[in-house]
Amino acid sequence: MRTRFAAALTAFVLMTTAACGTDVPAGLAEKVESGCPGLLKPETLAVITKGFVVSEVNLVDTNGCQVFVSTGRQVLNVGIVAYSSPEESERLTPMLCESGVLDAKTKSCADDKSGGGYTVRATAGKWSIGASVYEIPVNDDVKDAMLQVVEDLRDSDKTRG
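Residues numbered from 1 in each chain as written. Predicted model: local features only at pLDDT ≥ 70, side-chain atom pairs only at ≥ 80, totals over all residues. Heavy atoms only, no water.

Visitor: Describe the pairing of strand β2 (residues 64–69), and please don't skip the residues or the numbers.
Guide: The element β2 is extensively covered by neighbouring structure, given that 5 of its 6 residues are classed as buried. As paired elements, strand β1 (residues 54–60) and β2 share 6 bridges and run antiparallel to each other. For Val-54, the partnering residue across the bridge sits in β2 and is Val-69. In this structure, the hairpin formed by β1 and β2 is closed by a connection of 3 residues, where Asp-61 is found at a positive phi of approximately 55°. As defined by bridge partners, β2 adjoins strand β3 (residues 74–82) across 5 bridges and the pair is classed as antiparallel. Bridge assignment links Gly-64 to a residue of β3, and that residue is Gly-79. Once β2 ends, the chain turns through 4 residues before running back antiparallel as β3, passing Gly-72 with a positive phi of about 95°. (Buried < 20%, exposed > 50% of the residue type's maximum accessible area, 1.4 Å probe, protein only. Helix = DSSP H or I, 4+ residues; strand = E, 2+ residues; numbered from the N terminus. Pairing = 2+ DSSP bridges.)

The structure is reproduced here in structure tokens:
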């Protein structure tokens, strides 16, 4: 009996800790779900926009979205483009990278933009992923969150079809 109680208590603590890992401001999850369904997760956006109030999350066509903060500035753009095959995606996506190549292990590239900003490009099967942040300070947490956007998209229903 004590063992089951201890196991249940441990599971509860782990679930609670995981759920509280990222502080998502009130209303952000709803904005992301309505404005960027399947393309962005609120926890990741909360890291990217920490210190700012997200005012709008807008869907662009069916495979892209834009995020604006309360100052009216666009701070994030996420989009995916389908090519005819994974080989085509792997051939064309590197052309969008400053280096002209994707990292062989991660199949992605990341570029700091002059004047601020950060862009990550990657492949996900036949899909090419692009995620850019601008108008906000880019630190290691933001860079990690941008890579998480790519991983989330690779695992999403949007890029598995």
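Visitor: Tell me about the nonpolar core, and name the residues and values.
Guide: Counting residues in hydrophobic clusters, the biggest one holds 32 residues, and the most contacted among them are Leu-40, Leu-45, Leu-76 and Met-146. Within the residue set of this core, elements represented by two or more residues are α2 (28–35), α3 (42–48), β1, β2, β3, β5 (118–124), β6 (127–133) and α5 (140–154). In terms of residue count, the dominant contributor to this core is α5 (6 residues). If sequence neighbours within four positions are ignored, Met-146 has contacts with Ile-48, Leu-76, Tyr-118, Val-120, Ala-131, Ser-132 and Val-133. (Core = buried A, V, L, I, M, F, W, Y, C linked by side-chain atoms within 4.5 Å. Contact = heavy atoms within 4.5 Å.)

Visitor: Go over the pattern of salt bridges with me, naming the residues and quoting the values.
Guide: Here the structure, examined in full by the defined rule, presents 7 salt bridges. Note that Lys-113 is salt-bridged to Glu-98, the shortest N-O span being 3.6 Å. Pair noted here: Lys-113 is in the loop between β4 (108–112) and β5 and Glu-98 is in the loop between α4 (86–92) and β4, with a separation of 15 residues, a long-range link. (Salt bridge = Lys/Arg side-chain N within 4 Å of Asp/Glu carboxyl O.)

Visitor: For the pairing of β6, give the residues involved together with the corresponding values.
Guide: Burial of β6 is extensive: 7 of the 7 residues sit out of reach of the surface. Residues of β6 alternate between two faces, with Trp-127, Ile-129, Ala-131 and Val-133 on one and Ser-128, Gly-130 and Ser-132 on the opposite face, all of them buried. Pairing of β3 with β6, which is carried by 7 bridges, proceeds in the antiparallel orientation. Looking across to β6, one finds that Gly-79 is bridged to Gly-130. The sheet contact formed by β5 and β6 spans 7 bridges and is antiparallel. Considered in β6, the bridge of Thr-119 is made with Ser-132. The turn linking β5 back onto β6 is made up of 2 residues, and Gly-125 within it adopts a positive phi angle of 65°.

Visitor: Describe the environment of Leu-59, with residues and values.
Guide: Among the structural elements, Leu-59 can be located in strand β1. For Leu-59, a relative accessible area of 40% puts it in the partly exposed group. Separated by 19 residues in sequence, Leu-59 and Val-78 place their C-alpha atoms 9.6 Å apart. What Leu-59 contacts, discounting residues up to four positions off in sequence, is Gly-35, Pro-37, Leu-39, Gly-64 and Cys-65.

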